[in-house]
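Each chain, letter by letter, is given below.
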Amino acid sequence: MFEGLTERLEGVVQRLRGMHKLSEENISDALRDVRMALLEADVNVGVVKELIAEIREQALGMETVAGLTPGQSFIKIVHERLTDLLGGATVPVTYAERGPTVILMTGLQGSGKTTTTAKLARFIARQGYRPMVVSADVYRPAAMDQLATLAASLELPLFPATPAMKPSAIVTEALAAMGREGANVLLIDTAGRL
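Conventions and cut-offs
Residues numbered from 1 in each chain as written. Predicted model: local features only at pLDDT ≥ 70, side-chain atom pairs only at ≥ 80, totals over all residues. Heavy atoms only, no water. Helix = DSSP H or I, 4+ residues; strand = E, 2+ residues; numbered from the N terminus. Expected span 1.5 Å × (residues − 1). Buried < 20%, exposed > 50% of the residue type's maximum accessible area, 1.4 Å probe, protein only. Arc of directions from axis to C-beta. Contact = heavy atoms within 4.5 Å. Pairing = 2+ DSSP bridges. Right-handed = clockwise from strand over helix to strand, strands pointing away.

(A) Here's a closer look at helix 2 (residues 24-40). With 17 residues, helix 2 ought to run about 24 Å at 1.5 Å a step, and its terminal C-alpha atoms sit 24 Å apart, in line with that. Considered for burial, the residues of helix 2 that qualify are Asn-26, Ile-27, Ala-30, Leu-31, Asp-33, Val-34, Ala-37 and Leu-38.

Next up, the structure:
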């Protein structure tokens, strides 16, 4: 989502360069690009409509901030609205006081769950915890291979699941294996859903 949005927003900045004020006319194309980027990222249509209306209302007639071009001011508004939409603030991971912390990764097919699982495990390891990763995606064996490759490159413990196993058995066995690996956080990569 963010790569496509970034590319489109760079085009917006170029189009708005040299303008002294944001108006309905010069932000229409910019809003169309933001709308398309969000829709292509499978953001709910209702959420997109509401977000675009909020951006339009805030941007219309806004004088540019000192030192910022209209394009940069527009990007600032989009950034602030997207940040608010995504929760507004960074929230730290809450770890279990006793026993293992289990993090279940869910999301759309092809949304990057497997890669994010490995990145999150690396982040958790840097905080001093000992994460272990497991793929419960029995429908896409390549996801298991991908997670194994990522875990090896990041030197993360991996529970070696196979497509012949049931997802519930994978998780149960991975939880049991955590003690042998000295892990205290289990990240479970799941099959994508539409």
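(B) Structural context of helix 6 (residues 141-154). An ideal rise of 1.5 Å per residue puts 20 Å on 14 residues; helix 6 measures up with 20 Å between its terminal C-alpha atoms. Considered for burial, the residues of helix 6 that qualify are Ala-143, Met-144, Leu-147 and Ala-151. Mapping the buried residues of helix 6 onto a view down its axis gives an arc of 100°, with all of them on the same face. Facing away from the buried side of helix 6 by over 90 degrees, the exposed positions are Asp-145, Thr-149, Ala-152 and Ser-153. Contacts from the buried residues of helix 6 go to helix 5 (113-126), strand 2 (131-135), strand 3 (158-159), helix 7 (167-181) and strand 4 (185-189). A positive phi of about 55° marks Glu-155, the residue just after helix 6.

(C) Just unusual backbone geometry, in detail. The backbone of Glu-155 shows a phi angle near 55°, a positive value even though the residue is not glycine. Secondary-structure assignment places Glu-155 in the loop between helix 6 and strand 3.

(D) Just the pairing of strand 2, in detail. The buried count for strand 2 comes to 5 of 5 residues, which makes it a mostly enclosed element. Taking every second residue as pointing to the same face, both faces of strand 2 are buried, with Pro-131, Val-133 and Ser-135 on one and Met-132 and Val-134 on the other. Note: strand 2 against strand 4, 5 bridges, orientation parallel. Paired with Ser-135 across the two strands is Asp-189, which belongs to strand 4. Judged from the 2 bridges that link them, strand 2 and strand 3 form a sheet pairing that is parallel. From the neighbouring strand, Val-133 faces strand 3, where its bridge partner is Leu-158. The β-α-β motif built from strand 2, the intervening helix 6 and the parallel element strand 3 has right-handed crossover chirality.

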